[in-house]
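Single-letter residue listing:
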Amino acid sequence: MKTTTKLADGRELIYFDADDSALRDSADLRPLEPTASLSEIRQDPATGDWVTVAAHRQGRIYHPPADECPLCPSREGRLSEIPAPDYEVAVFENRFPSLATDAAAHVTGLDHPVAVSGPGTGRCEVVCFTSDHGSSFADLDEAQARLVLDAWTDRTAALSALPGVQQVYCFENRGAEIGVTLAHPHGQIYAFPFTTPRTRRMAEAAAGHRARTGRNLFEDLLAAERADPVRVVLAGEHWTAFVPFAARWPYEVHLYPNRRVADLTALTEAERAEFPRVYLELLRRFDRLFIEPGHNEQAAPTPYISAWHQAPAPGGEELALHLELFTIRRTVGKLKFLAGVESGMDAFVNDVSPEAAAQRLREVAS
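Our subject in this report is the structure included herewith. (Residues numbered from 1 in each chain as written. Predicted model: local features only at pLDDT ≥ 70, side-chain atom pairs only at ≥ 80, totals over all residues. Heavy atoms only, no water.)

1. Here we look at the overall build of the chain
Quick note on the threshold: Think of it this way: any DSSP run of H or I at least four residues long counts as a helix, any run of E at least two long counts as a strand, and we number them from the N terminus. Throughout, the radius of gyration refers to the C-alpha atoms, and the reference size of a globule is 2.2 Å times the residue count to the power 0.38. Only protein chains enter the accessibility calculation, which uses a 1.4 Å probe. A residue is then buried if its area is under 20% of the maximum for its type, exposed if over 50%, and partly exposed in between. By the convention used here, residues are in contact when the closest approach between their heavy atoms is within 4.5 Å. Residue-level accessible areas treat just the shown protein chains as cover; the underlying method is Shrake-Rupley with a 1.4 Å probe.
Across its full length, the chain carries six helices and 16 strands. For 366 residues, the compact-globule estimate of 2.2 N^0.38 gives 21 Å, and the chain sits close to it at 21 Å. Projected onto its principal axes, the C-alpha positions of the chain cover 60 × 60 × 40 Å. For the chain, the residues scored as buried account for 49% of the 366 residues in total. Sequence-distant contacts, at least 24 apart, represent 65% of the contacts inside the chain between residues at least 6 apart. When the accessible surface of the chain is totalled, it reaches about 16,900 Å², and 54% of it is carbon and sulfur.

Below you can see the structure in the form of structure tokens.
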């Protein structure tokens, strides 16, 4: 069940519940003033990439103590972004968005050969996976994970329909090492007014592959991995997870539906039903990657980024929905830092062979 309401400053809040009888009528009693987004986008003339400038985000909440978490349910004496005393999955407009629907009213764009800019029109949402502050996505059961998938799908459909939106990106940053500022298990959704640089490069590669072979790049890629499964981590009836041949990160897994689709809205019920089992197993394997010999538990949960790649509109006809999951941890107590080569030239050097990473991820299976 989906229930839509408003927060005190007019932002949208949406509850997703498995129980159709759930009552979501708690009002937001906070004295909030409406916020204005000053976001703008500027195009790098040397690369064609768009950069978002959102200076108003400097004042956002940063590592609050657990008893002041803005993503926990509200309680007496402590009102949060979620007015309800409990919830299953909740989605709301970010109070400090990088992109916003009202940005056009506050930012005037420039149009010059080397200074092309415009308002950062779009939308940024926060997805709370559970009301349990001390939990994580990997701790969810399959029904709860399916509810999150339903929320991602609903928001992909709704945000894709907004004027000017070209790409919808659902993702989770997990761990302080990644840069997470709120410890509560949550993810985000960005509705971009442009095609992101990585997606644009994928589209160019897919177009080149089509021109050379007459076939789809991503269908060929998945078929090759399944035919020689040295890098396959987990294979189901409808999904395949593998370490890519040219993985950039020490431990990186790509999860594809076996049938090529453009975005989450195109998945069948059978594909949706299998996803929670496969994805939860992958996350739990990530949390077992760095357990030291002789220890039952690792010192800290594995930091990761989980990123849904969905086809943009227009120009996404050759692309394929898939999820990319990776960690910046390369071994126990050591992180993979993006230093001069990676940050300066976008040329990755991986310290772990993709085949060895896949083998390790198979070894830590449940």
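2. A word on the pairing of strand S8 (residues 167-174)
The condition that has to hold: At least two bridges found by DSSP between two strands is the condition for calling them paired.
Most of S8 is tucked away, with six of its eight residues classed as buried. For S8 and strand S9 (residues 186-192), the ladder comprises five bridges, and the chain directions are antiparallel. Of the residues in S9, the one forming a bridge with Tyr-169 is Tyr-190. Taken together, the four bridges between S8 and strand S13 (residues 304-309) define a ladder with antiparallel strand orientation. Opposite Phe-171, over in S13, you have Ala-307 as the bridge partner.

3. Focus: the sheet that holds strand S2 (residues 12-16)
In plain terms, the rule: Whenever a helix is involved, its axis is fitted only over the stretch in contact; in every case the axis is a line through C-alpha atoms, and angles between N-to-C directions fall within 0 to 180 degrees.
Read from one edge of the open sheet, 11 strands run S1-S2-S5-S7-S9-S8-S13-S14-S12-S11-S10, paired in antiparallel fashion. Both edges of this open sheet fall to strand S1 (2-6) and strand S10 (232-235), since each of them pairs with a single strand only. For this sheet the average axis-to-axis angle between neighbouring strands, irrespective of direction, equals 20 degrees. Looking at chain direction, strand S12 (residues 251-257) and strand S14 (residues 322-327) are connected through five bridges and run antiparallel. Across the sheet, Glu-252 pairs through a bridge with Phe-326, a residue of S14.

4. Points about the environment of Val-332
Along the chain, the position of Val-332 falls in the loop between strand S15 (329-331) and strand S16 (334-335). Accessibility expressed as a relative area gives 36% for Val-332, which makes it partly exposed. Sequence-wise, Val-332 and Thr-4 are 328 residues apart; in three dimensions their C-alpha atoms are separated by 44 Å.

5. What to know about the nonpolar core
As a reminder, the rule being used: By nonpolar core is meant a set of buried Ala, Val, Leu, Ile, Met, Phe, Trp, Tyr and Cys residues that side-chain atoms within 4.5 Å join together.
Grouped together as the largest cluster of nonpolar side chains are 51 residues, with contacts concentrated most on Phe-137, Trp-152, Leu-255 and Trp-308. Leaving out residues up to four positions away in the same chain, Phe-137 has contacts with Phe-129, Ala-145, Val-148, Trp-152, Glu-172, Tyr-279, Leu-280, Leu-283 and Tyr-304. In this structure, Tyr-15, Leu-71, Tyr-87 and Val-126 belong to the second largest nonpolar core, which totals 14 residues.

6. Overview of unusual backbone geometry
Between Ala-313 and the following residue, Pro-314, the backbone shows a cis peptide bond with an omega angle of 0 degrees. Looking at the secondary structure, you find Pro-314 in the loop between S13 and S14. A positive phi is found at Asp-346, a non-glycine position, where the angle reads about 55 degrees. Take Asp-346: it is sitting in the loop between helix H5 (340-345) and helix H6 (354-363).

7. Observations regarding the pattern of salt bridges
It is possible for side chains of opposite charge to pair when their charged atoms get near one another. Stated formally: By definition, a salt bridge exists where a carboxyl oxygen of Asp or Glu is found within 4 Å of a side-chain nitrogen of Lys or Arg.
As enumerated under the stated definition, the model contains 33 salt bridges in all. Of the charged contacts, one joins Arg-329 and Glu-177 as a salt bridge, the two residues approaching to 3.2 Å between their closest N and O atoms. In this pair, Arg-329 is assigned in strand S15 and Glu-177 in the loop between S8 and S9, connecting sequence segments 152 residues apart. The class of Glu-177 is partly exposed, set by a relative accessible area of 36%. Connected through salt bridges with shared partners, the residues Lys-2, Glu-12, Glu-93, Arg-123, Glu-125, Asp-154 and Arg-155 form a single ionic network.

8. Section: the side chain of Thr-327
Keep this limit in mind: In the analysis that follows, any N or O atom pair within 3.5 Å is treated as a polar contact, provided that within protein one partner can donate a hydrogen and the other can accept it, and provided that, for residues neighboring in sequence, both atoms belong to side chains.
You can see Thr-327 is positioned in strand S14. Polar side-chain contacts of Thr-327 include one of 2.5 Å to the backbone oxygen of Pro-303. With residues up to four places along the chain from it excluded, the contact list for Thr-327 reads Trp-249, Pro-250, Tyr-251, Phe-286, Phe-290, Thr-302, Pro-303 and Tyr-304.

9. Quick look at helix H3 (residues 217-227)
How we decide: Our arc is simply the arc of the directions from the helix axis toward the C-beta atoms.
For H3, the complete set of buried residues consists of Phe-218, Leu-222 and Glu-225. All buried residues of H3 project into a common sector of 65 degrees when viewed along the axis, lining one side. Along its buried surface, H3 packs onto helix H2 (197-213), S10, strand S11 (239-242) and S12. One side-chain oxygen at the N-terminal end of H3 lies 2.9 Å from the backbone nitrogen of Phe-218; it belongs to Asn-216.

The quantities given are spatial measurements derived from coordinates; they are silent on function.
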